[in-house]
Amino acid sequence: MRHEYQPPRRRSRLTRRGRLALFLGMLLAIGAAALLPLLRSGGAPEKPRQLTIPEGWRAPQVYAAIDRELKLPAGSTKAAVPTAGLALPAEAKGNPEGFLFPATYPVTSESTPAALLAYMVDTANRKLATRAVVDGAKAHGMTPYQTATLASIIEAEAESRGDRGKVARVVHNRLARSMPLQMDSTINYALGRSTVDTKLSETRIDSPFNTYERQGLPPTPIDSPGLEAMAAAVAPTPGDWLFFVTVKPGDTRFSATYEEHKKHVAEFNRIRAGAGAGTSTGSGSGTREAAAGPARTGSRAG
């Protein structure tokens, strides 16, 4: 068979621009192959730090702790409150006191004051706004916000777990009788301090938190209550107590009558005098009570 002559084909040659494009494409492919494992692994994740908010802390203490943890100038967290978009009850009027739930929170380099505050308030809403709290509040003629306010007083006043329900009962009994609560913890809050000594003159200060001069609950919570304090607020221990005083650490006496209460106060003063502290119309170390008249000896520092 005859074959026609076919001239040899010439190989196409890349231009300089083509060679450069091919070279760059190869570099990009190699770089992508090297980068792919890194993208898949995402690098080592950041290990969160822990920020613990104890039960009974007030909002200023929480703000200061966040500032320290995030290494921010003092006052930064407080300044973030108005624009943080916190999911607070309408009764709070933008004040997160009582809703910065005591717990341990993760903190990373991405954390901000607003994010941490929102996390705490959201936790409070999940933990405190339960059906048991709502139903318990209704049973006592209170809103959940008022119940949180009561729980904050219990948190400040009760020395032990067993005392929480009894302190709650004293408050409920006094409210039912339209008696002023006369709690030193609310005086401490009004004065921005924590002490167990309250002077008679301090019970006359002009403040909505002065529960000596004003009846009913204070306008807001006075600290961040925990779950046990909330449980006590809606399910107080049965009893007819109207007074209480911690005679000595671990020994809180609850009384139904003022005469009985005065005997306990006298014993407290004897113990105090024996320790060289003398007697006091304010509160002595470890002393708590809800009392009427000048024999008032105070409450837990709160």
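Up top is the structure.
Described in the following lines is the structure provided in the data block. Here the structure is a predicted model, which is why all the values come from computation and not from measurement. (Residues numbered from 1 in each chain as written. Predicted model: local features only at pLDDT ≥ 70, side-chain atom pairs only at ≥ 80, totals over all residues. Heavy atoms only, no water.)

Looking now at the overall build of the chain. From N to C terminus, the chain includes 10 helices and 4 strands. Along its sequence from the N terminus, the chain presents helices and strands in the succession α-β-α-α-β-α-α-α-α-α-α-β-β-α. Every one of the 302 residues in the chain was classed for burial, and the buried ones make up 43%. Of the contacts made within the chain by residues no fewer than 6 positions apart, 66% connect residues no fewer than 24 positions apart. (Helix = DSSP H or I, 4+ residues; strand = E, 2+ residues; numbered from the N terminus. Buried < 20%, exposed > 50% of the residue type's maximum accessible area, 1.4 Å probe, protein only. Contact = heavy atoms within 4.5 Å.)

Along helix α2 (residues 59–69), the positions that sit buried rather than exposed are Ala59, Val62, Tyr63, Ala65, Ile66, Asp67 and Glu69. Looking at the buried side of α2, the elements it contacts are β1 (49–52), α3 (76–80), β2 (104–107) and α4 (113–128). Phi turns positive one or two residues past the end of α2, at Lys71, with a value near 55°.

Summed over the entire model, instances satisfying the criterion amount to 10 salt bridges. The shortest N-O distance in the salt bridge between Glu228 and Arg161 comes to 3.0 Å. You can see Glu228 sitting in helix α9 (residues 227–234) and its partner Arg161 sitting in helix α7 (residues 161–176), a full 67 residues away along the chain. For Glu228, a relative accessible area of 33% puts it in the partly exposed group. Between Glu267 and Arg253 there is a salt bridge, and its shortest N-O distance comes to 3.1 Å. Of this pair, Glu267 sits in helix α10 (residues 258–274) while Arg253 is found in strand β4 (residues 251–255), placing the two residues 14 residues apart along the sequence. Of the residues examined, Glu267 reaches a relative accessible area of 25% and is grouped as partly exposed. Overlapping salt bridges bring together Glu155, Arg161, Arg164 and Glu228 as one network. (Salt bridge = Lys/Arg side-chain N within 4 Å of Asp/Glu carboxyl O.)

In this section: the environment of Arg58. Inspection of the secondary structure puts Arg58 in the loop between β1 and α2. On the accessibility criterion, Arg58 (10% relative accessible area) is buried. Each C-alpha atom of the pair Arg58 and Asp223 lies 4.2 Å from the other, and the pair is 165 residues apart in sequence.

It is worth spelling out unusual backbone geometry at this point. One non-glycine residue, Ser178, lies in the positive phi region at around 55°. Mapped onto the secondary structure, Ser178 falls in the loop between α7 and α8 (184–191). Here Gln182, not a glycine, exhibits a phi torsion of approximately 50°, which is positive. Relative to the helices and strands, Gln182 is located in the loop between α7 and α8.

With that out of the way, let us pick up the nonpolar core. Judged by nonpolar contacts, the single largest core of 52 residues is most densely connected at Leu51, Ile66, Leu86, Leu100, Leu117, Met120 and Ile154. Only α2, β2, α4, α5 (131–139), α6 (144–157), α7 and α9 provide two or more residues apiece to this core. In contact with Leu100, other than residues within four places in its own chain, are Ile53, Ala59, Val62, Tyr63, Leu117, Met120, Val121 and Ser224. (Core = buried A, V, L, I, M, F, W, Y, C linked by side-chain atoms within 4.5 Å.)

Time to look at α5. Those residues of α5 that sit buried are Val133, Gly136 and Ala137. Across the axial projection of α5, the buried residues extend over an arc of 100°, all falling on one side. Facing away from the buried surface of α5 by more than 90 degrees, the exposed residues are Arg131, Lys138 and Ala139. Contact partners of the buried residues in α5: α4, α6 and α9. Immediately downstream of α5, the backbone of Gly141 shows phi near 70°, a positive value. (Arc of directions from axis to C-beta.)

What follows concerns the environment of Ile153. If you trace the backbone, Ile153 turns up in helix α6. Of the residues examined, Ile153 reaches a relative accessible area of 0% and is grouped as buried. As a C-alpha pair, Ile153 and Pro218 span 65 residues in sequence and 9.4 Å in three-dimensional space. Leave out the neighbours within four places in its chain, and Ile153 touches Leu181, Met183, Ser185, Thr186, Leu217, Pro218 and Ile222.

Turning to the side chain of Asp67, a few remarks are in order. By the element assignment, Asp67 lies in helix α2. Although buried, Asp67 forms no salt bridge, and the nearest oppositely charged side chain, Arg68, lies 7.8 Å from it. When residues no more than four places from it in sequence are discounted, the contact partners of Asp67 are Leu72, Pro73, Ala74, Gly75, Ser76 and Thr77. (Lys, Arg positive; Asp, Glu negative; His and termini not counted.)

Attention shifts here to the packing of α6 against α8. With their axes 9 Å apart at the nearest point, α6 and α8 run at an angle of 100° to one another. Judged by the inter-axis angle, α6 sits roughly perpendicular to α8. For the pair α6 and α8, contact is made by Ile153, Ala156 and Glu157 and by Asp184, Ser185 and Thr186, respectively. Looking at the contact of α6 with α8 residue by residue, the classes come out as 2 nonpolar, 2 polar and 2 charged. (Axes fitted to C-alpha atoms, helices over the stretch in contact; angles between N-to-C directions. Parallel < 35°, antiparallel > 145°, perpendicular 65-115°, else oblique. Nonpolar A, V, L, I, M, F, W, Y, C, P; charged D, E, K, R; others polar.)

According to the stated counting rule, one finds 6 aromatic pairs in the structure shown. With 5.8 Å between their ring centres and 5° between their planes, Phe99 and Tyr145 make a pair best called stacked. One end of the pair, Phe99, is in the loop between α3 and β2; the other, Tyr145, is in helix α6, with 46 residues separating them in the sequence. Just as Phe99 is buried, Tyr145 falls in that class too. Ring geometry for Tyr189 versus Phe209: centroids 4.8 Å apart, planes at 55°, classification tilted. Here Phe209 lies in the loop between α8 and α9 and Tyr189 lies in helix α8, a separation of 20 residues in the sequence. Side by side, Tyr189 and Phe209 carry an identical accessibility label, which is buried. Among the aromatic residues, ring-to-ring pairing joins Trp241, Phe244 and Phe254 into one connected group. (Phe/Tyr/Trp six-rings, centres within 6.5 Å; stacked < 30°, edge-to-face > 60°.)

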